[in-house]
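# Architecture and fold: a report
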Amino acid sequence: MQDKIDLAVELHDRAADLQDAQKFGEAYKLCAEALRLMQEADPDSPDMANMLNTFGSLQESLGNYTGAVESSRKAIEIMDRVGHLIEGDDGPVIHIRALLQLGAAYRGLGRYREAEPGLLRALSLAETAFGPDAMQTASACNNLAILYKFTGRFDEAEALYHRALAAAVRSYGEDHWEASGIYHNLGGLEHSRGRFDRAEPWARKGYEIRLKAFGPEHPDTAADAAGLAAILDGLERYDESLPLYRQAIEVFERIYGPEHYEIALNLSNLAALHAARGETQTAERLYRQSLAMEEKVIGADHPDTALTACNLGVLLKEEQRFVEANELFKRALRSFEQTLEPAHPRIVMCRKELASCK
């Protein structure tokens, strides 16, 4: 039995290395085999929970958010039973990671209300186990802030982001890659508020740090490039944003294949760019491509799918194609109302567009 456990641990470690190298398909297969072996040998152990965390992370990277929810839930259940028996920091680390991944997976599914309890629990556990200024606590703050940004709780998100950033700067310095994701997120928050001039310095700093640390072909660098591009769009600097979108999409296609949430998101952003330039045929084609991909990979009722539908509706309304636009606005509003609070900016915008679609 110990031989089986040792082999499972070895396969898991190899899978984690492949994940770091962005070889997600290979990592997934190895991690699945490690889980199979551990299920036979020691299914109620911290090692099993740790492997489930890695498997959940891989599922999330590959766009399987439902699978990530299941893996994270299993890991949490194990740690709830045996976590208190583990000496040192390993138990809380595994437990917190599982809770954060559960919240991220629910967020990926657009199930925002279900995402919050696990994220709040992760923050509480991190503060208790490591203190209010530790990096584990900072990670929990950052993840909760991402959720609050999506749900329109911008002031709460901002406070959590700055708390996380302060911890990262204390631990690593302000120009370390550990802080770059928080810069990206602060830029995204200001973008959501429509404050593009405030957003650009945050996003550009995050992008430049990650570009220096990991190079242009890393998926996190690509995500930073796309985030900066969206802000440049808001500043109407389309000649600067266009190559960044193209760079990001090429990286995502190489790593994830032709259909993935990140690709769909950036096709939608690229469509908005062409719409702003008056290139309506190109914009419509890209919106429809993005919409079809989002329906497939995250579902027709996801709030991000709804946003693409709403933006396509705006484009069609401007072309006086009111019947088509009206249906898209109604569809988007139904999805928004299922997942977002009534005063969320997306709901307000969609209702306004629907009311003006005569």
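Structure's up top.
These lines cover the structure that appears in this document, whether it is placed above or below.

### Looking at the overall build of the protein
When helices and strands are tallied, the protein shows 17 helices and zero strands. On C-alpha atoms alone, the protein measures out to a radius of gyration of 21 Å, which is about the 21 Å that the 2.2 N^0.38 rule sets for 358 residues. Residues classed as buried in the protein amount to 52% of the 358 residues present. Long-range contacts, defined as pairs at least 24 residues apart, comprise 60% of the intrachain contacts of the protein with a sequence gap of at least 6. Accessible surface computed for the protein: about 16,200 Å², of which carbon and sulfur atoms make up 50%. The positive charge centre, built from 40 side chains, and the negative charge centre, built from 57, are 6 Å apart in the protein.

### A few points about the pattern of salt bridges
Throughout the structure, instances matching the rule amount to 35 salt bridges. With a closest N to O distance of 2.8 Å, Arg193 and Asp155 form a salt bridge. You can see Arg193 sitting in the loop between helix H9 (177-192) and helix H10 (196-214) and its partner Asp155 sitting in helix H8 (residues 154-172), a full 38 residues away along the chain. Of the residues examined, Asp155 reaches a relative accessible area of 60% and is grouped as exposed. In this structure, the salt-bridge partner of Glu284 is Arg321, at a minimum N-O distance of 2.9 Å. Placement of the pair is Glu284 in helix H14 (residues 280-297) and Arg321 in the loop between helix H15 (303-318) and helix H16 (322-339), with a sequence separation of 37 residues.

### Here we look at the packing of helix H4 (residues 65-82) against helix H5 (residues 90-108)
The contact between H4 and H5 brings their axes to 8 Å, and the two run at 150°. The orientation of H4 with respect to H5, classified from their angle, is roughly antiparallel. Two packed elements cross with a definite hand, and for H4 against H5 that hand is left-handed. For the pair H4 and H5, the contacting residues are Tyr65, Ala68, Val69, Ser72, Arg73, Ala75, Ile76, Met79 and Asp80 in the first and Gly91, Ile94, His95, Ala98, Leu99, Gln101, Leu102, Ala105, Tyr106 and Gly108 in the second.

### Regarding the layout of surface pockets
The space that makes up the second largest pocket amounts to roughly 170 Å³. Taken together, Leu35, Gln39, Pro43, Met48, Leu52, Phe55, Gln59, Gly67, Glu70, Ser71, Lys74 and Ile78 form the lining of the second largest pocket. Contributing elements (two or more residues each) for the lining of the second largest pocket: helix H2 (24-41), helix H3 (46-61) and H4. Looking at the lining of the second largest pocket residue by residue, the class counts come to six nonpolar, four polar and two charged.

### A short note on the packing of aromatic side chains
Describing an aromatic ring pair means giving the distance of the ring centres and the angle of the ring planes. Counted under the stated rule, the structure contains six aromatic pairs. Here Phe24 and Tyr256 contribute two aromatic rings whose centre-to-centre distance is 5.7 Å and whose plane-to-plane angle is 15°, an arrangement assigned as stacked. Residue Phe24 is found in helix H2, and its partner Tyr256 is found in helix H12 (residues 238-256); the two are separated by 232 residues along the sequence. For the pair Phe24 and Tyr256, one class covers both residues: buried. Between Tyr183 and Trp202, the aromatic rings sit 6.0 Å apart at their centres with planes inclined by 20°, giving stacked as the arrangement. Note that Tyr183 is positioned in helix H9 and Trp202 in helix H10, a separation of 19 residues in sequence.

### Here we look at unusual backbone geometry
Here Gln22, not a glycine, exhibits a phi torsion of approximately 60°, which is positive. Positive phi is not limited to glycine here, since Gln320 has a value of about 65°. As for its placement among the helices and strands, Gln320 is situated in the loop between H15 and H16.

### Digging into the packing of H9 against helix H11 (residues 219-234)
It is at 10 Å that the axes of H9 and H11 come closest, and there the two elements cross at 30°. With respect to their mutual orientation, H9 and H11 come out roughly parallel. Handedness of the H9/H11 crossing: left-handed. From H9, His184, Gly187 and His191 reach across to H11, where they touch Ala223, Asp224, Gly227, Ala230 and Ile231. Taken together, the residues of the contact of H9 with H11 break down into three nonpolar, four polar and one charged.

### Things to note about H5
Over its 19 residues, H5 extends 27 Å from the first C-alpha to the last, a length consistent with the 27 Å expected when each residue adds 1.5 Å. Of all 19 residues in H5, 16 are buried, a share of seventy percent or more.

### Observations regarding a negative patch on the surface
A surface patch of negative charge is lined by Asp3, Asp6, Glu10, Asp13, Asp17 and Asp20. Note that Asp20 resides in helix H1 (residues 2-20).

### Some points on the nonpolar core
Grouped together as the largest cluster of nonpolar side chains are 120 residues, with contacts concentrated most on Leu144, Tyr161, Leu244, Leu312, Phe329, Phe336 and Cys350. At 10 residues, the largest contribution of residues to this core is made by H12. Apart from residues no more than four positions distant in its own chain, Tyr161 is found in contact with Asn142, Ala145, Ile146, Lys149, Ile182, Asn185, Leu186 and Leu189.

### A closer look at the side chain of Ser290
With respect to the helices, strands and loops of the structure, Ser290 is situated in helix H14. Residue Ser290 is classed as buried on the basis of its relative accessible area of 0%. Among the polar contacts listed, one links the side chain of Ser290 to the backbone oxygen of Ala264, at a separation of 2.7 Å. If we skip the residues at most four places from it in the chain, Ser290 touches Ala264, Leu267, Ser268 and Thr308.

Conventions and cut-offs
Residues numbered from 1 in each chain as written. Predicted model: local features only at pLDDT ≥ 70, side-chain atom pairs only at ≥ 80, totals over all residues. Heavy atoms only, no water. Helix = DSSP H or I, 4+ residues; strand = E, 2+ residues; numbered from the N terminus. Rg over C-alpha atoms; globule rule 2.2 N^0.38 Å. Buried < 20%, exposed > 50% of the residue type's maximum accessible area, 1.4 Å probe, protein only. Contact = heavy atoms within 4.5 Å. Areas by Shrake-Rupley, 256 points an atom, 1.4 Å probe, with all protein chains shown as cover. Lys, Arg positive; Asp, Glu negative; His and termini not counted. Charge placed at Lys NZ, Arg CZ, Asp CG, Glu CD. Salt bridge = Lys/Arg side-chain N within 4 Å of Asp/Glu carboxyl O. Axes fitted to C-alpha atoms, helices over the stretch in contact; angles between N-to-C directions. Parallel < 35°, antiparallel > 145°, perpendicular 65-115°, else oblique. Left-handed = near helix turned anticlockwise from the far one by under 90°. 1 Å grid on protein atoms, 1.4 Å probe; cavity = no way out; pocket = protein on both sides within 12 Å on 5 of 7 lines; lining within 4 Å. Points joined across faces, edges and corners; volume = space filled by probe spheres on them. Nonpolar A, V, L, I, M, F, W, Y, C, P; charged D, E, K, R; others polar. Phe/Tyr/Trp six-rings, centres within 6.5 Å; stacked < 30°, edge-to-face > 60°. Expected span 1.5 Å × (residues − 1). Patch = residues over 30% accessible without salt bridge, like charges linked within 9 Å, V, L, I, M, F, W, Y side chains within 5 Å. Core = buried A, V, L, I, M, F, W, Y, C linked by side-chain atoms within 4.5 Å. Polar contact = N/O pair within 3.5 Å; in protein donor to acceptor, adjacent residues only side chain to side chain.

Everything listed is a geometric property; what it means functionally is a separate question.
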